[in-house]
Amino acid sequence: MHELESKPWMRAALWAAAAYNIVWGTLAIAAPSAMFHWAGMTAPNYPELWQCIGMIVGVYGLGYAIAGFDPYRHWPIVLVGFLGKLFGPIGFLDAALHGRLPWAFGWNNVTNDLIWLIPFALILRGAHAFYLEGKITTSGEIQAMALRATTQEGQSVQQMSNEAPVLLVFLRHAGCTFCREALYDLSANRSAIEAQGTKLVLVHMGVDAESEPFFSRYGLEDLPRISDPRRSLYRAFGLTRGTLNALFGPKVWLRGFQVGILDGHGIGGLVGDGFQMPGVFLIYHGEVIRSYRHQSVTDRPDYLHFAADGNTTRLAG
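Residues numbered from 1 in each chain as written. Predicted model: local features only at pLDDT ≥ 70, side-chain atom pairs only at ≥ 80, totals over all residues. Heavy atoms only, no water.

**Here's the deal with the side chain of threonine 198**
Rules: In this description a helix means any DSSP run of H or I spanning at least four residues, a strand means any run of E spanning at least two, and both kinds are numbered starting from the N terminus. For the purposes of these results, a polar contact is taken to be a pair of N or O atoms within 3.5 Å, where, inside protein, one atom must be able to donate a hydrogen and its partner to accept one; residues adjacent in sequence count only when each atom of the pair is a side-chain atom.
Along the chain, the position of threonine 198 falls in the loop between helix H8 (177-195) and strand E2 (199-204). At a separation of 3.5 Å, a polar atom in the side chain of threonine 198 contacts the main-chain carbonyl oxygen of alanine 307.

**Description of the side chain of aspartate 185**
Stated formally: The buried label goes to any residue with under 20% of its type's maximum accessible area, the exposed label to any with over 50%, and the partly exposed label to all in between, with areas taken from a 1.4 Å probe on protein chains only. In what follows, residue pairs with any heavy atoms lying within 4.5 Å of each other are defined as contacts.
One can find aspartate 185 in helix H8. Residue class for aspartate 185 comes out buried when judged on its relative accessible area of 9%. When near neighbours in sequence (up to four residues on either side) are disregarded, aspartate 185 contacts Arg300 and Tyr303.

**Regarding the pattern of salt bridges**
The cut-off we apply is this: Salt bridges, as used here, are contacts in which a Lys or Arg side-chain nitrogen is within 4 Å of a carboxyl oxygen on Asp or Glu.
Summed over the entire model, instances satisfying the criterion amount to eleven salt bridges. Here the salt bridges do not stand alone but share partners, grouping Glu181, Asp185, Arg255 and Arg300 into one network.

**A word on the packing of aromatic side chains**
Our working definition: Classification of ring pairs rests on two measures: the distance between centres of Phe, Tyr or Trp rings, Trp counted by its six-membered ring, which must be within 6.5 Å, and the angle between planes, read as stacked under 30 degrees, edge-to-face over 60 and tilted in between. Two limits define a charge over a ring: the Lys NZ or Arg CZ must be within 6 Å of the ring centre, and within 35 degrees of the ring normal.
Under the criterion given, the structure shown has 16 aromatic pairs. An angle of 75° between the planes, with centres 5.7 Å apart, marks the rings of tryptophan 75 and phenylalanine 248 as edge-to-face. On the criterion of sequence distance, the pair formed by tryptophan 75 in helix H4 (residues 75-97) and phenylalanine 248 in helix H11 (residues 244-248) is long-range, its members being 173 residues apart. Using a relative accessible area of 9% as the deciding quantity, one classes tryptophan 75 as buried. When the ring of phenylalanine 214 is compared with that of tyrosine 218, the centres are 6.0 Å apart and the planes differ by 75°; the resulting orientation is edge-to-face. A relative accessible area of 10% places phenylalanine 214 in the buried class. Note on tyrosine 218: relative accessible area 14%, which makes it buried. Against the face of phenylalanine 120 rests lysine 85, its NZ or CZ located 5.6 Å from the ring centre.

**Notes on the packing of helix H3 (residues 47-69) against H4**
For clarity, the cut-off: Axis definition: a line fitted to C-alpha atoms, limited for helices to the stretch in contact. Angles are taken between N-to-C directions and run from 0 to 180 degrees. When an angle is under 35 degrees it counts as roughly parallel; over 145 it counts as roughly antiparallel; between 65 and 115 it counts as roughly perpendicular; any other value is oblique. Here a crossing is taken to be left-handed if its near helix is turned anticlockwise relative to the far helix by less than a right angle, and right-handed if that turn runs clockwise. Only Asp, Glu, Lys and Arg are considered charged in this grouping, and only Ala, Val, Leu, Ile, Met, Phe, Trp, Tyr, Cys and Pro are considered nonpolar; every other residue, Gly among them, is considered polar.
Axis separation between H3 and H4 bottoms out at 9 Å; the angle between their running directions is 135°. Viewed along their axes, H3 and H4 adopt a mutual orientation that is oblique. The way H3 lies across H4 gives a crossing that is left-handed. Listed contacts from H4 to Tyr60, Gly63, Tyr64 and Ala67 of H3 are Ile77, Val78, Val80, Gly81 and Lys85. Class assignment of the residues belonging to the contact of H3 with H4 gives a composition of six nonpolar, two polar and one charged.

**Some details on the sheet that holds strand E1 (residues 166-170)**
Filter applied, for reference: In short, DSSP must find at least two bridges between two strands for them to pair.
Here five strands make up an open sheet; going across it, the order is E3-E2-E1-E4-E5 and the pairing mixed. Each having just a single partner strand, strand E3 (225-227) and strand E5 (287-293) make up the two edges of the open sheet. Adjacent strand axes in the sheet meet at a mean angle of 15°, parallel and antiparallel pairs treated alike. As judged from the five bridges shared by E1 and strand E4 (residues 279-284), these two strands associate in the antiparallel manner. Directly across from phenylalanine 170, in E4, lies its bridge partner glycine 279. On top of the sheet, H8 reaches E1 and E2; it is set at about 160° to E2, its chief contact.

**Notes on the nonpolar core**
Rule in force here: Here, nonpolar core refers to any group of buried Ala, Val, Leu, Ile, Met, Phe, Trp, Tyr and Cys residues whose side-chain atoms link them within 4.5 Å.
Leu167, Val169 and Leu183 are the most contacted members of the largest nonpolar core, which totals 45 residues. Excluding residues that lie within four positions of it along the chain, leucine 167 makes contacts with Ile193, Thr198, Lys199, Leu200, Val201, Val280, Phe281, Leu282, Tyr303 and Phe306. Residues Leu147, Phe170, Ala236 and Ile283 belong to the second largest nonpolar core, which totals 19 residues.

**Re helix H9 (residues 208-216)**
Our working rule: Arc definition: directions from the helix axis to the C-beta atoms.
Residues of H9 that are buried include every one of Asp208, Ser211, Phe214 and Phe215, and no others. Burial along H9 is one-sided: seen end-on, the buried residues are contained in an arc of 100°. The exposed residues of H9 that point more than 90 degrees off its buried face are Ala209, Glu210 and Pro213.

Structure (structure tokens):
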């Protein structure tokens, strides 16, 4: 096992949390008044509300069970669970201090939340370290091999770059609102880019057959694209996994609201590595003419400007 791969105890902890949640949720649904009687409290007038909470806890258990198969890949599930286990005891403490809940009810927070905080935090820390481990130093030889990768049409990047400059655009996962903004920008500038003699090629982390409907939303389903779920090309071009600030910093939340809500690009499910950073490369005759590696997921490259550089190089050649 690689030093930074998820440990067996992480999977065991998530499966234990899954079992606990499912059992607790089932009991809350089957006997909604039992816990209140045990704590010396009056049972709620509407037991359905407590049963609804039991259902939510049980569904979380299914999520933890899924995360247990690959804790690092499914880190968003762990993160959501960690936040719930962090804020739950804080809410109980406030209620108990103001006399709205008896202290005995806090044992529920001990078993539901507190005992899981450290394991979940360690899993998240390990996931972040694992994804940051993707940083490598690229070389001409590595990139030359990477350029042999073929599109869904069977043509390699090397072959296409021998005919015309290639704008190789590495995307984030399809659910990312900034990835959707990038495709919107490419769609808006596509005619101008191609008019300058530059070919557009997309690199993504999804399964190609399943990703075509996503690209068709932006009218880009006919573009050459390379499916790279193992992120071999990303690493070959020095595209790393992002830092917490690059992925979740204040700027990301602010511009994410602008792009996702106000501009209407929305968000979707995680498809690929959520920590992977994007980038743009202009390639001609197998050589990288210009490169742009995102420092933040909010970066918005000028794709048309990249294409203009390629046209100048082609004419000079």
